Amino acid sequence: MENVGWLTAIFVGGFAGWLAGKLMDMRFGIFMNVVIGIVGSVIANAILRRFDIFVAGDWLGYLITSFIGGCILLFFAKLVRK
């Protein structure tokens, strides 16, 4: 994800976090959406690299990995909440 700037990472991460929250039926504020998207991207990249899968380094690849990682993160958050 070296090709994505920090400002793009915030906007795309926020959008991915919002989408993941909608899918997983969990609502958060703007700041938490950004955090979920960015942390989710790190989680998804770690998992995908473990299986030798590399996603394109543009904003769309960042959106996809952030969304996947955000869903994984929120899934485990739901398990902990119950």
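Overview of the structure. As the structure is a prediction and not an experimental result, all values here were calculated from the model.

## Points about the environment of A56
Line of reasoning, step 1. For A56, the position within the fold is in the loop between helix 2 (30-50) and helix 3 (59-81).
Line of reasoning, step 2. Put simply, A56 and G40 are 16 residues apart on the chain and 16 Å apart in space, counted from C-alpha to C-alpha.

## Some points on the packing of aromatic side chains
Centre distance and the angle of the planes are the two values used to describe a pair of aromatic rings.
Line of reasoning, step 1. According to the stated counting rule, one finds two aromatic pairs in the structure shown.
Line of reasoning, step 2. Plain terms: the ring middles of F75 and F76 are 5.4 Å apart, the flat faces sit at 70° to each other, and that makes the pair edge-to-face.

## Observations concerning the side chain of T65
Line of reasoning, step 1. When you line up the elements, T65 lands in helix 3.
Line of reasoning, step 2. For T65, a relative accessible area of 0% puts it in the buried group.
Line of reasoning, step 3. From its side chain, T65 meets the backbone oxygen of Y62 in a polar contact 3.1 Å long.

## Some words on helix 2
Line of reasoning, step 1. End to end, helix 2 covers 30 Å across 21 residues, agreeing with the expected 30 Å (1.5 Å per residue, within 8%).
Line of reasoning, step 2. Considered for burial, the residues of helix 2 that qualify are N33, V34, I36, G37, G40, S41, A44, N45 and L48. On an axial view of helix 2, the arc spanned by its buried residues comes to 160°, and they lie on one face. Across from the buried face of helix 2, at angles greater than 90 degrees, the exposed residues are F31, V42, A46 and R50.
Line of reasoning, step 3. On its buried face, helix 2 sits against helix 1 (6-23) and helix 3.
Line of reasoning, step 4. D52 occupies a position one or two residues after helix 2 and carries a positive phi of about 55°.

What counts as what
- Residues numbered from 1 in each chain as written.
- Predicted model: local features only at pLDDT ≥ 70, side-chain atom pairs only at ≥ 80, totals over all residues.
- Heavy atoms only, no water.
- Helix = DSSP H or I, 4+ residues; strand = E, 2+ residues; numbered from the N terminus.
- Phe/Tyr/Trp six-rings, centres within 6.5 Å; stacked < 30°, edge-to-face > 60°.
- Buried < 20%, exposed > 50% of the residue type's maximum accessible area, 1.4 Å probe, protein only.
- Polar contact = N/O pair within 3.5 Å; in protein donor to acceptor, adjacent residues only side chain to side chain.
- Expected span 1.5 Å × (residues − 1).
- Arc of directions from axis to C-beta.
- Contact = heavy atoms within 4.5 Å.

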